[in-house]
Amino acid sequence: MIEEKFSDITVSNWLTTHPETPVIVTASASMPEVAQLLLDNNSRDAYILDDDKKVVGHLSFGKTIDYLLSEHRPKHTHRYLFSRITEATAVEVMDPHFAYARIEESLCEVIHRQLERGVDTLVVLAEDSRLLGSIQLRELVAESLK
Amino acid sequence: MQHSPLLMLGLLLVTALLMSLLASRFNIPRIAAYAVAGLLWSEDLLGGALGLDMTEWSQALTQISLAIIAYTIGGSITIEQLRRLGKTITFCTVGESFGAVLLVGLSVYLYQQDWVMALVLGVLAATTAPAATVAVIHQYRSKGPLTTSLLGVVALDDILGLVLFSLMMVVITGLNLGDAIVTSGVEIFGGIGLGVVIGFLLAFFGKKIRNQSFLLPMVLSALLLSQGLAEWWNVAPLLTAITIGFSARSVYKSAGERLFSPAEYLEELVFIIFFTLAGAHFKLAVFLQGIDLVIIYMFARVIGKVIGIRIAAKLSKAPDIVARYLGFGVVPQAGIAIGLALTLLHRPELQHIALLVLNVILASTLIYEILGPFATRYAIVKAGEARL
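Note that the structure is predicted; figures quoted are calculated from it, not measured.

Looking at this structure, I do not really get the nonpolar core. What am I missing?
Soluble globular proteins tend to bury their nonpolar side chains together. Judged by nonpolar contacts, the single largest core of 138 residues is most densely connected at B:Ala70, B:Leu121, B:Leu326, B:Ile338, B:Ala341, B:Val357 and B:Leu358. Those residues in contact with B:Leu326 that lie beyond four places of it in its chain are B:Cys92, B:Leu146, B:Ser149, B:Leu150, B:Val153, B:Ile309, B:Ala313 and B:Ala379. Counting 32 residues, the second-largest nonpolar core is a separate cluster that includes A:Leu38, A:Ile48, A:Leu107 and A:Leu140.

In structure tokens, the structure reads:
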């Protein structure tokens, strides 16, 4: 029954009944700003928008605090040291290779992707990478249990 | 007796891992354990008794290992980050690197009257060891202007050291004076050009590949191909690898997690290879012959770095504590210097000094590894940045 329901629902339908906006930051946002936004919104995923309002990358809460608390970690790779001392911005730490969904996809496909990539909030993008909304994993799970 | 290279490599690595387990119980630096493991298989000990020869087969291994390190270091910084590093870190890095290069070079030349030896040891003096420095900073929860400058300098001087070494190799192995400029130009700019092309392709495919397990094979394949092409076209291989890292990171943007994390994961294995191979090339007779060079190298390097930083700090108007103590924080030296020294063994034009240089670097590295953390501790404590 759950399978049937999920296979019927498309991302487009889901967004109309569950409008969600992910945590959005600008490319030049500092890492403390990103962390604060994630904490304020109780979210584990932030997405970076460029000047054309296109989503260009993803920052997980883990990666954000890994950077912020770097002085408490004895990591010594050169890449880590430079990002630590140059006070990296969101665009310099983000992962430009992130998971997203398209509106025509089914929720079955989406939930698999979210679980595989460990993303709580998955963005839904248009063909030109503009943000259309987001899907919360916890809401998908709640729906699947109904 | 002919022994399989795989058997010898296996013996080296297994001994190194066992020795490092033992060393960790007694709080001995693990790189000393790796070197001792190699030493056990050296010509003076088991290697001689069993007729093992590491030199013949280790060239490719050393070259690709060094290429991995050069690639990760090249990709560790972007132009924007370089710009943001600030005057103090940039000036102090140049000051301490060139201070060490000049003073070691000059001291060795005055002592040995051999400009090739002076140039090689001088350039090898530039690099430091971030791992030891970061460990001390972490241990004492150090924070402040000196700590920030120290972290920047120990990371940046390895880039400078690798570039200087590449350029030095081009100069030393250049043909006669007439061709030297053309040949050197081709080697340097050919290496950079090859690195840019492969780096661009690496970033392009790095974005396309979905399966993360393909990333490490992709990076290693690119590095192997680059080293092969560099050898074939006679361009500087190390410069090629650094440029691949730098251009791939610039094109890929962001932290380059996908392109560099897999290679960084190999760092420890690379350093085990470097130290065990260096240990295996240790020769007591050569070491005793060069013991005076070890002393000259060690003192000249530290004094050169301290003086270089003082001058650079004054020029960049750095805080007084940076000028006074930063030089003591950059004493540790480890894997990169060893890796660079190992490559000398396979250059025919440097055969007369290669083994001596390797033994000098190995001995000084082990001493620095023991004394270096104390010097770093001294610097951060005197600067009032350590939490005791």
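Whenever I open this one, unusual backbone geometry confuses me. Can you help?
With the exception of glycine, the majority of residues adopt a negative phi angle, and the majority of peptide bonds are in the trans configuration. One non-glycine residue, A:Lys53, lies in the positive phi region at around 65°. Following the sequence through the fold, A:Lys53 ends up in the loop between strand 2 (45-49) and strand 3 (55-60). With 11 C-beta atoms counted inside 10 Å, the residue A:Lys53 sits in the exposed group. Of note in the backbone geometry, B:Asn234 takes a positive phi value of approximately 60° without being a glycine. As for its position among the elements, B:Asn234 is in the loop between helix 11 (215-233) and helix 12 (237-252). By the C-beta count within 10 Å, which is 13 here, B:Asn234 ends up partly exposed.

Any chance you could explain the sheet that holds strand 1 (residues 23-26) of chain A here in plain terms?
Sheet strands line up and pair through hydrogen bonds in the backbone, either parallel or antiparallel. All names here are of chain A. Spatial strand order, 1-2-3: three strands in an open sheet with mixed pairing. The open sheet terminates on both sides in strands that have one partner only, identified here as strand 1 and strand 3. The average angle at which neighbouring strand axes cross in this sheet is 35°, direction not considered. As paired elements, strand 1 and strand 2 share four bridges and run parallel to each other. The partner of Thr 26 across the bridge, within strand 2, is Leu 49.

Quick question: what am I supposed to make of the sheet that holds strand 6 (residues 131-136) of chain A here?
All names here are of chain A. With mixed pairing, three strands are arranged side by side in an open sheet as 4-5-6. Looking at which strands have only one partner, the edges of the open sheet turn out to be strand 4 (100-101) and strand 6. Here strand 5 (residues 121-125) pairs with strand 6 via five bridges, running antiparallel. Bridge pairing links Val 124 to Gly 133 in strand 6. In this fold helix 7 (residues 107-117) packs onto strand 4, strand 5 and strand 6, with an angle of close to 130° to the strand it touches most, strand 5.

Got a minute to help me understand the packing of helix 4 (residues 55-74) of chain B against helix 14 (residues 267-280) of chain B in this structure?
The geometry of a pair of packed helices is captured by two quantities: the angle between their axes and the separation between those axes. Residues and elements named next belong to chain B. It is the contact of helix 4 with helix 14, at a shortest axis distance of 10 Å, that shows an interaxial angle of 140°. Between helix 4 and helix 14, the angle is such that the two are oblique. Between helix 4 and helix 14 the crossing geometry is left-handed. On the side of helix 4, the interface is formed by Ser 58, Leu 61, Thr 62, Ser 65, Ile 68, Ile 69 and Thr 72, while helix 14 contributes Glu 267, Val 270, Ile 273, Phe 274 and Leu 277. Partitioning the contact of helix 4 with helix 14 into residue classes produces seven nonpolar, four polar and one charged.

Could you clarify how one ought to interpret the interface of chain B and chain A in this entry?
Facing the 27 residues of chain B at the interface are 20 residues of chain A. Counting residues per element, the ones that place at least two in the side of chain B that touches chain A are helix 4, helix 5 (79-84), helix 8 (130-139), helix 9 (145-172) and helix 13 (257-264) of chain B. Its residues assigned to classes, the side of chain B that touches chain A comprises eleven nonpolar, eight polar and eight charged.

Whenever I open this one, the confidence of the model for chain B confuses me. Can you help?
Any region with low pLDDT has predicted coordinates that should not be read closely. Taken over all residues, the pLDDT of chain B has a mean of 88, while the share at 70 or more is 98%. In the model output, the complex is listed with pTM 0.85 alongside ipTM 0.80.

Looking at this structure, I do not really get helix 14 of chain B. What am I missing?
All names here are of chain B. Taking 1.5 Å as the rise per residue, helix 14 with 14 residues should run 20 Å; its terminal C-alpha atoms sit 20 Å apart, in good agreement. Burial within helix 14 is extensive, with eleven of its 14 residues counted as buried. Here helix 14 has its buried residues at Val 270, Phe 271, Ile 272, Ile 273, Phe 274, Phe 275, Thr 276, Leu 277, Ala 278, Gly 279 and Ala 280. Next to the buried residues of helix 14 lie helix 1 (5-25), helix 2 (30-40), helix 3 (46-50), helix 4, helix 18 (335-344) and helix 19 (351-382).

Calculation rules
Each chain carries its own residue numbering, running from 1 in the written order of its sequence. Each chain takes a letter, starting from A, and each ligand takes a number, starting from 1, following the order in which they are written. Selection of residues for local features in this predicted model requires a pLDDT of at least 70, selection of side-chain atom pairs for listing and counting requires 80 or more, and totals for whole chains, interfaces and linings are taken over all residues. Each nonpolar core reported here comprises buried Ala, Val, Leu, Ile, Met, Phe, Trp, Tyr and Cys residues connected via C-beta atoms within 7 Å. Partly exposed residues are those falling between the two cut-offs: more than 12 but fewer than 20 other C-beta atoms within 10 Å of their own, whereas 20 or more means buried and 12 or fewer means exposed, with C-beta atoms placed from the backbone. We call two residues in contact when their backbone-placed C-beta atoms lie within 7 Å. Only DSSP runs of H or I covering at least 4 residues are called helices, and only runs of E covering at least 2 are called strands; the numbering of each starts at the N terminus. Strands were regarded as paired on the criterion that DSSP finds at least two bridges between them. Note on geometry: axes are C-alpha line fits, over the in-contact stretch for helices, and angles between N-to-C directions span 0 to 180 degrees. Comment on the angle field: the value is read as roughly parallel under 35 degrees, roughly antiparallel over 145, roughly perpendicular from 65 to 115, and oblique elsewhere. Handedness of a helix crossing follows the sense of rotation of the near helix relative to the far helix, less than a right angle counterclockwise being left-handed and clockwise being right-handed. All amino acids are sorted into three groups, where Ala, Val, Leu, Ile, Met, Phe, Trp, Tyr, Cys and Pro are nonpolar, Asp, Glu, Lys and Arg are charged, and the leftover types, Gly among them, are polar. Along the chain, pLDDT gives the predictor's confidence residue by residue, from 0 to 100. What a helix is expected to span follows from its residue count: subtract one and scale by 1.5 Å.

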